Amino acid sequence: MADLNRRNPISHLTDRRSKASISRVVRKVEFPLKAAETPEGETPLPSNTGGNYETDWARRYASRLTRRIALSTIGKGVISYYANPTIRGLDRLHDLDGPAIFAANHQSHADTLLMLTSMPPPWKHKAFVGAAADYFFGNRTTAAISALFIGAIPIERTSINRNTIEKAVDLLRGGWSMVIYPEGGRSPDGWGQEFRPGAAFLAKQAGVPVVPVHIRGTFDILRKGRNWPKRSNATVNFGRPLEFAEEDNNRRFTRKLQAAVESLADETATGNWFAARQRSHSEESPGIQGPDGAPWRRRWALSDKDDKRSDGERRWPYV
Amino acid sequence: MSARQGLVLEVDRTTPPIVFHHGEGFRFEKLPSGSRVVYPNEPIEPIEDVDGAIRHALDNPLGDSPPLAALLTAGMKLTIAFDDISLPLPQMQAPDIRGRIIEQVLDTAASAGVDDVHLIAALALHRRMTEGELRHALGDRVYDAFAPTGQLYNFDAEDPDALTHLGETDHGEEVVISKRAAESDLIIYVNINLVSMDGGHKSVATGLSGYSAIRHHHNVETMRRSKSFMDQEKSELHTKNWRQGRLIRNAGVKIFQIETTLNNNTFPAPWDFLQKREWEMSAKERMLLLGTKKFLDKVPRKSARSIFQGIRAPFGLTSIQAGEVEEVHKVTTANVYRQHLVRVEGQTDILSMGLPYLGPYNVNSIMNPILVACLGLGYFFNLYKGKPLVREGGVVIMSHPTPWEFHPVHHPSYIDFFEEVLADTTDPEKIEHKYEKRYAEDEWYRHLYRTSYAYHGVHPFYMWYWCSHALQHVGQVIIVGGDQRATKRMGFRSATTMRDALEMATDVVGRDPTLTHLHNPPVLMADVV
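The structure reproduced in this document is the subject of the present report.

Thresholds applied
- Throughout this document, residue positions are counted from 1 along each chain, in the order its sequence is written.
- Here the convention is simple: chains get letters from A, ligands get numbers from 1, in the order in which they are written.
- Side-chain atom pairs in this predicted model are given and counted only at pLDDT of 80 or more, local residue features only at pLDDT of at least 70, and totals for whole chains, interfaces and linings cover all residues.
- Where helices and strands are cited, they refer to DSSP runs of H or I of at least four residues and of E of at least two residues respectively, numbered from the N terminus.
- Throughout, a pair of residues is in contact if the C-beta atoms placed from their backbones lie within 7 Å.
- Any residue whose C-beta has 12 or fewer other C-beta atoms within 10 Å is treated as exposed, any with 20 or more as buried, and any in between as partly exposed, C-beta atoms being built from the backbone.
- Note: two strands are recorded as paired if DSSP finds a minimum of 2 bridges between them.
- Axes, fitted as lines to C-alpha atoms, cover a helix only where it is in contact. Angles between the N-to-C directions of the axes lie from 0 to 180 degrees.
- Convention used here: angles under 35 degrees read as roughly parallel, angles over 145 as roughly antiparallel, angles from 65 to 115 as roughly perpendicular, and any remaining angle as oblique.
- Helix crossings get a hand from a simple test, with the near helix turned counterclockwise from the far one by less than a right angle marking a left-handed crossing and a clockwise turn marking a right-handed one.
- Charged means Asp, Glu, Lys or Arg here, nonpolar means Ala, Val, Leu, Ile, Met, Phe, Trp, Tyr, Cys or Pro, and polar covers whatever is left, Gly included.

Helices and strands together make up the secondary structure of chain A, namely 12 helices and seven strands. Pairs at least 24 residues apart make up 72% of the contacts formed inside chain A by residues separated by at least 6 positions.

Residue and element names in this part refer to chain B. Summarising burial for strand 11 (residues 255–262): eight of the eight residues are buried, a large majority. Going residue by residue along strand 11, you find Ile-255, Gln-257, Glu-259 and Thr-261 tucked away on one face and Phe-256, Ile-258, Thr-260 and Leu-262 tucked away on the opposite face as well. Where strand 10 (residues 186–193) lies against strand 11, seven bridges are found, and the strand directions are parallel. By the bridge assignment, Asn-193 is partnered in strand 11 with Thr-261. Sheet topology places strand 11 next to strand 12 (residues 317–323); six bridges connect them, and they run antiparallel. Across the sheet, Gln-257 pairs through a bridge with Gly-323, a residue of strand 12.

Turning our attention to the pairing of strand 3 (residues 127–132) of chain A. Residue and element names in this part refer to chain A. Taken across its six residues, strand 3 has six buried, putting it largely inside the fold. Residues Ala-127, Val-129 and Ala-131 line one face of strand 3 and the alternating positions Phe-128, Gly-130 and Ala-132 line the opposite face, and both faces are buried. In terms of strand pairing, strand 3 meets strand 5 (residues 177–180) through three bridges, oriented parallel. Looking at strand 5, one finds that Ala-127 is bridged to Ser-177. The pairing of strand 3 with strand 4 (residues 152–155) spans four bridges and is parallel. Paired with Gly-130 across the two strands is Ile-153, which belongs to strand 4.

Angle between the axes and distance between the axes: these two values describe a pair of packed helices. Residues and elements named next belong to chain A. At a minimum axis distance of 9 Å, the contact between helix 7 (residues 162–173) and helix 8 (residues 198–206) shows a crossing angle of 50°. As the angle between them shows, helix 7 and helix 8 are arranged oblique. Helix 7 and helix 8 meet at a crossing whose hand is right-handed. Contacts from Ala-168, Val-169, Leu-172 and Arg-173 of helix 7 reach helix 8 at Leu-202, Gln-205 and Ala-206. Residue composition of the contact of helix 7 with helix 8, by class: five nonpolar, one polar and one charged.

Leu-89 of chain B connects to Pro-90 of chain B through a cis peptide bond whose omega is -15°. Looking at the secondary structure, you find Pro-90 of chain B in the loop between strand 5 (77–83) and helix 3 (97–112). Omega for the peptide link from Ala-94 of chain B to Pro-95 of chain B comes to 0°, which places this bond in the cis form. Positionally, Pro-95 of chain B belongs in the loop between strand 5 and helix 3. At Glu-283 of chain A, a position not held by glycine, the phi torsion is positive, near 55°. For Glu-283 of chain A, a count of 8 C-beta atoms within 10 Å translates into the label exposed. Here the phi dihedral of Thr-402 of chain B falls at roughly 45°; this positive angle occurs in a residue that is not glycine. When you line up the elements, Thr-402 of chain B lands in the loop between strand 16 (390–399) and helix 15 (412–424). Thr-402 of chain B sits in the buried class, given 30 other C-beta atoms within 10 Å.

Looking now at the sheet that holds strand 20 (residues 525–528) of chain B. Residue and element names in this part refer to chain B. In spatial order, the strands read 13-20-15; together these three strands make up an open sheet with parallel pairing. In this open sheet, the two edge strands, each paired with only one partner strand, are strand 13 (341–344) and strand 15 (384–385). Bridge analysis of strand 13 against strand 20 gives four bridges, and the strand direction is parallel. Among the inter-strand pairings, Val-342 is bridged to a residue of strand 20, identified as Ala-526.

The subject of this paragraph is the sheet that holds strand 16 of chain B. All names here are of chain B. Taken in spatial order, the seven strands make up an open sheet running 1-4-19-14-16-17-18, and their pairing is mixed. Of all strands in the sheet, those bounded by a partner on one side alone are strand 1 (7–10) and strand 18 (493–495). Strand after strand, the sheet turns through a mean of 25° between neighbouring axes, direction not considered. Looking at chain direction, strand 16 and strand 17 (residues 476–480) are connected through five bridges and run parallel. Across the sheet, Val-396 pairs through a bridge with Val-477, a residue of strand 17. On the sheet, helix 14 (residues 369–382) packs against strand 14 (348–354), strand 16, strand 17 and strand 19 (515–518) and is oriented at approximately 120° with respect to strand 16.

If you look at the interface, chain B gives 16 residues, while chain A gives 12 residues. Taken together, the elements giving at least two residues each to the side of chain B that touches chain A come down to helix 1 (50–59), helix 3 and helix 5 (140–146) of chain B. Counting residues per element, the side of chain B that touches chain A draws most heavily on helix 5 of chain B, at six residues.

Function-wise, these values are silent; they only describe arrangement.
Below, the structure is given as structure tokens:
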């Protein structure tokens, strides 16, 4: 009988499969240490990940305390190091009383940490985040981390899940504030995307105001497709809360919300609030979606908006 | 629970020592039985929806003025003037009401397509506001939008090219205002009416004016004939300002006046024990008061000053009205009285007052002896309606350390006034005739006023004139705890303790005088019947 433990002197150098690794060990674990797959032809039980992930535990006292400590120490430290944020417009929230939806443009994963550390109390201490169910709640580990540390609840991006909407509305009615990105996902190229009506729908259902927020600079910190952040300067500009008026519908309110964020973007970019308001009233705000055209032209146009940096020295090759 | 009215407490054996403000500190004074203590009204409920109230005022103006939106058109020349650092006291917690109003005004102007907008701090002969102070008053957004382009600035009453002479009233009072304002299609004035003297025609006629016009009412005669200058119906200062204001209106200058009133919620936590009645302080508040007093007694005055100057009042808006100046001011005054008036029966032989660390002219600065006198004998003494709280020939006892100390940047002419003028005479009339013109036209003071952060050369004179009604009315002024030399220089007497001061007062008012203490701030105005 062949000795199975005997190694071929050549194959252990060439055969990668024979190399021990954690993932290989994990893969080798079988039932009952690992859940069994549903046999073909059988209907799987409803998943408890994705939109069905239950997050109530993340709003209990111990979890809230953990989150608060983590955000005010590690979270604040990380965001100060990478984003050195400038926070504007907090005075516009002076009269805001009770829960609200904070609706921001979305450029980066850094946005959520930036929002949760930039929002003023009491809203920051009782906030939850609408996070993509398919991305953040895809498995139980990322779901638990998202729920615990950023207070996320799953929001379906591609389908309507009544449970997640009801959960968000219940929380808003129960005094929790929500951070949501009406664009539905991170910017692929640094420009904004058209707002979807989710924030408007929730505002109407829950009867809470929506605070438009513009975030600038996080695309450079951790843009889509990058795994490690780099340092840059970010600005968070809070706008005046918008109430869902009787004459509004979801579409009209969403347009109003997007216009408010665009006006804030204009204000942040130019530093001239009055000029930004003039352009907003005459519907000439530059917008956050950028020009139409090839990707390189959009990127080119975006470079005009970047903060110019210069070390004062010309470097070879001189051009 | 609605706010309680102020009260007049009759002191008896059970009355606790009364907390006296004493500059950057406090004193506890046991007053004789039978004395009275006048407590202010509690802060009245503020308006909850401030932005809504501002919008309502702009859309529903008083008098014959159209709504603001109808007054703003593309291509027009718009000037927005606002009250300077002397209001409110202390500075209010951000966001300041001026900034909130001006944002809405500018937003309306932006929607109308108005491009030519100037914002002017209407400081008359006060010191210029620093960038930080302007940012606090107007907010960063307004500051960043207008200051870099030179469209937001401090008024300069000594710039000959920036003033316009509009004429003279039928009483010969010159009327001079900012050229930019006079040539604008519309002036919008944003006011904070802390006391009943503020606002109305005074806003533009004085705030945007210069020495040549202001001297007609900032003088001894006017002050002595204003009984008091806080009571519009009996104020010569008010009458003269109104004459000038009406001339401005008749000259075709269009003004949209926005006036606000605040409640007297003056001290934020942990200082809020300062607006409690002594017997209503909790054990924690009493400990805090005692600890704070001990601490303030120990720390250097400079440190105590910076602690106090850092206080930002949690004032609440109690009314806002806009439109035609006189109609607006009637409503404003009624709202000021609603908060401040406390009915007091009869006058007193001795009036005592604890003077706090702050007056209108030492925000972020030092309260020098002249400002101490002005706060006590100018402002507090004049906070009456009807007749003065103290009888003619009575005694005023003020409590303040009154240090011989001046802010060299803010108050340069005060130093010379104190050293030169008061060393010669304390008689306001003699001072006015002998010295005023020289100080008012001094080139160095003029230079410092225009380019640094100095009050105008003539300003200490006005502070002294502010006291002239009181100086004429009372028989003696005693400062408890006051620096002896500084007190003597002003012609007053200093006492180490309240007991000593009362003993000294008996020389003037007899052995068995009545005493009334004004428990102010928070601000109160005595309605003496």
